[in-house]
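Listed below are the residues making up each chain.
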Amino acid sequence: MTIKKKCYPFLTILFLYFFFISESALAAQLFSAEFSFDAGYRVDNLDWNIAGDASGANPNILSELAWKDLETFQLKAGTKLHILERIYVRGSFQGGLIMAGGVRDSDYLGDNRTIEFSRSDNGVDNGTLWDASAGVGVATAIPFIGGRLEIAPLIGYSYHKQNLTLTDGFQTIPLSGPFPGLNSVYRARWMGPWFGTDLSFMFEKIVFNGTFEYHLADYLGVGDWNLRSDFQHPRSFEHRADGSGVLLSASLQYLFADGWSADAGFEYQDWQTDVGVDRTYFSNGTIMDTQINEVNWNSLYVTVGVNYAF
């Protein structure tokens, strides 16, 4: 009994050691995280065109819309997690308000963009861009030329949204100048799985990060053409197609304090769809299907930010 009583203080200290010290060390091995916050300048382009009928003819390009040089100030939040040192998880969310750009709406009577009988060059106001993505994979870290190289193959899922507008109408062909009341909307959505690779190389206080992703996408575009009284509102027409895209990004981080770093980098995306269906909803209740030939979207985002890791 006396021996047991004398052991109690020792056992208590031992328990506290394992609970507060060993547990902290174990947690560091089991779990680590990095949170990032970035801001930057983004430029996007999106265009689509449809044929005159469902077979892709009469003419092969009847109407074409092109949003060019959409300038956006954008914010991005992200996280990277390491679980059991090998399981790697990352996610991000970013969005911004379109500040400048233009959109051209052209209509043709002949194949291959000939006999253009109507063109308007219009403004864009109050549009927004949104992207969300998450992925999981297995990370492998190895010593490399005096630093530490980590490679992580990944699979994931992403969602991308462009809420685009047509305002400040100006009729170029035939030339009649400004026309009032234009306030049309086109909402594009890309969503689907992706696979890719993250690469990170750390040398002293410098970290290089690189990413490659290949995406498969379900595309949906919905338009509300407010000046067309023969169309239904708010769903005048919709576009459905399968698509694909690639994403490339790279950044440099500088570790300036315990757990804290600053970064600068870029992100580039390039997406296209296959041939799909353009479905128009008329105000009299009828529906007509034609062919959407393609949708193209590209984006360049230049960022600076801060990161905190623990």
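Residues numbered from 1 in each chain as written. Predicted model: local features only at pLDDT ≥ 70, side-chain atom pairs only at ≥ 80, totals over all residues. Heavy atoms only, no water.

Undergrad: Could you clarify how one ought to interpret the overall build of the protein in this entry?
TA: Per the secondary structure count, the protein includes one helix and 15 strands. In terms of overall dimensions, the protein is more spread out than a globule: its C-alpha atoms have a radius of gyration of 27 Å, far above the 19 Å expected for 310 residues. Expressed as lengths along the three principal axes of its C-alpha atoms, the size of the protein is roughly 100 × 40 × 35 Å. The buried share among the 310 residues of the protein stands at 44%. Sequence separation of 24 or more characterises 71% of the internal contacts of the protein that already satisfy a separation of 6 or more. (Helix = DSSP H or I, 4+ residues; strand = E, 2+ residues; numbered from the N terminus. Rg over C-alpha atoms; globule rule 2.2 N^0.38 Å. Buried < 20%, exposed > 50% of the residue type's maximum accessible area, 1.4 Å probe, protein only. Contact = heavy atoms within 4.5 Å.)

Undergrad: I'm lost on the environment of Ser-299 in this one. Help?
TA: Inspection of the secondary structure puts Ser-299 in strand E15 (residues 287–309). According to the relative accessible area criterion, Ser-299 is buried, its value standing at 2%. Ser-299 sits 93 residues away from Ile-206 along the chain, and the two C-alpha atoms are 27 Å apart. With residues up to four places along the chain from it excluded, the contact list for Ser-299 reads Arg-42, Val-43, Asp-44, Glu-267, Tyr-268 and Gln-269. In this structure the side chain of Ser-299 is engaged in a polar contact, spanning 3.2 Å, whose partner is the side chain of Asp-44. (Polar contact = N/O pair within 3.5 Å; in protein donor to acceptor, adjacent residues only side chain to side chain.)

Undergrad: Is there a simple way to think about the environment of Tyr-108 in this case?
TA: Looking at where Tyr-108 falls in the secondary structure, it is placed in strand E3 (residues 87–110). Residues Tyr-108 and Asn-60, 48 residues apart in the sequence, show an inter-C-alpha distance of 9.3 Å. Ignoring any residue separated from it by four or fewer positions in sequence, one finds Tyr-108 in contact with Pro-59, Ile-61, Leu-62, Glu-64, Arg-113, Thr-114, Ile-115, Glu-116 and Phe-117.

Undergrad: How do you make sense of unusual backbone geometry when you look at a structure like this?
TA: Of all residues except glycine, most have a negative phi; of all peptide bonds, most are trans. Looking along the chain, the bond that leaves Asn-58 and enters Pro-59 is cis, with omega of -15 degrees. Structurally, Pro-59 can be placed in the loop between strand E1 (31–50) and strand E2 (63–83). A cis geometry characterises the amide bond from Ile-173 onward to Pro-174, with omega recorded as -15 degrees. Looking at the secondary structure, you find Pro-174 in the loop between strand E8 (170–173) and strand E9 (177–178). With a phi close to 55 degrees, Leu-84 is a non-glycine residue in the positive phi region. Mapped onto the elements of the fold, Leu-84 is located in the loop between E2 and E3. Of note, the phi angle at Glu-85 is positive, near 70 degrees, even though the residue is not glycine.

Undergrad: What is the right way to read the nonpolar core from this model?
TA: Most often, soluble globular proteins have nonpolar side chains that are buried together. The biggest cluster of nonpolar side chains holds 26 residues, and the ones touching the most others in it are Leu-46, Trp-48, Trp-67, Tyr-186, Trp-190 and Trp-225. For this core, the elements supplying multiple residues, two or more each, are E1, E2, E3, strand E7 (147–167), strand E10 (183–203), strand E11 (206–224) and E15. Apart from residues lying up to four places away in sequence, Leu-46 is in contact with Leu-65, Ala-66, Trp-67, Gln-162, Leu-164, Tyr-186, Ala-188, Trp-190, Val-295, Asn-296 and Trp-297. In this structure, Tyr-88, Ala-139, Ala-152 and Trp-194 belong to the second largest nonpolar core, which totals five residues. (Core = buried A, V, L, I, M, F, W, Y, C linked by side-chain atoms within 4.5 Å.)

Undergrad: Just checking my understanding: could you explain the pairing of strand E6 (residues 140–144) for this structure?
TA: Along any regular strand the residues' side chains alternate between the sheet's two faces. Bridge analysis of E6 against E7 gives five bridges, and the strand direction is antiparallel. When the bridges of E7 are listed, Ile-142 appears paired with Leu-149. Where E6 hands over to E7, the hairpin turn is made up of two residues, of which Ile-145 adopts a positive phi near 35 degrees. (Pairing = 2+ DSSP bridges.)

Undergrad: In this structure, what is going on with the confidence of the model for the protein? I would like to understand it.
TA: It should be kept in mind that the predicted coordinates are not to be read in detail where pLDDT is low. Looking at the protein, the pLDDT average stands at 92 and 91% of residues meet or exceed 70. Taken as a whole, residues 1–28 scores under 50 in pLDDT and shows three contacts with residues more than four places along the chain or in a different chain. (pLDDT = per-residue confidence, 0-100.)

Undergrad: Please explain the environment of Ile-292 as it appears in this structure.
TA: Following the sequence through the fold, Ile-292 ends up in strand E15. On a C-alpha basis, the gap between Ile-292 and Gln-269 in space is 22 Å, while along the polypeptide they are 23 residues apart. Those residues in contact with Ile-292 that lie beyond four places of it in its chain are Trp-48, Asn-49, Ile-50, His-239, Arg-240, Asp-274, Val-275, Gly-276, Val-277 and Asp-278.

Undergrad: Before we go on, may I ask you to explain the pattern of salt bridges in this structure?
TA: For side chains bearing opposite charge, pairing can occur when the charged atoms are close. The tally for this structure, following the rule as stated, stands at 14 salt bridges. A salt bridge links Arg-42 to Asp-131; the nearest nitrogen and oxygen atoms lie 2.7 Å apart. Separated by 89 residues along the polypeptide, Arg-42 in strand E1 and Asp-131 in strand E5 (residues 128–138) bring together distant segments of the chain. Asp-131 shares its class with Arg-42; the two are buried. (Salt bridge = Lys/Arg side-chain N within 4 Å of Asp/Glu carboxyl O.)

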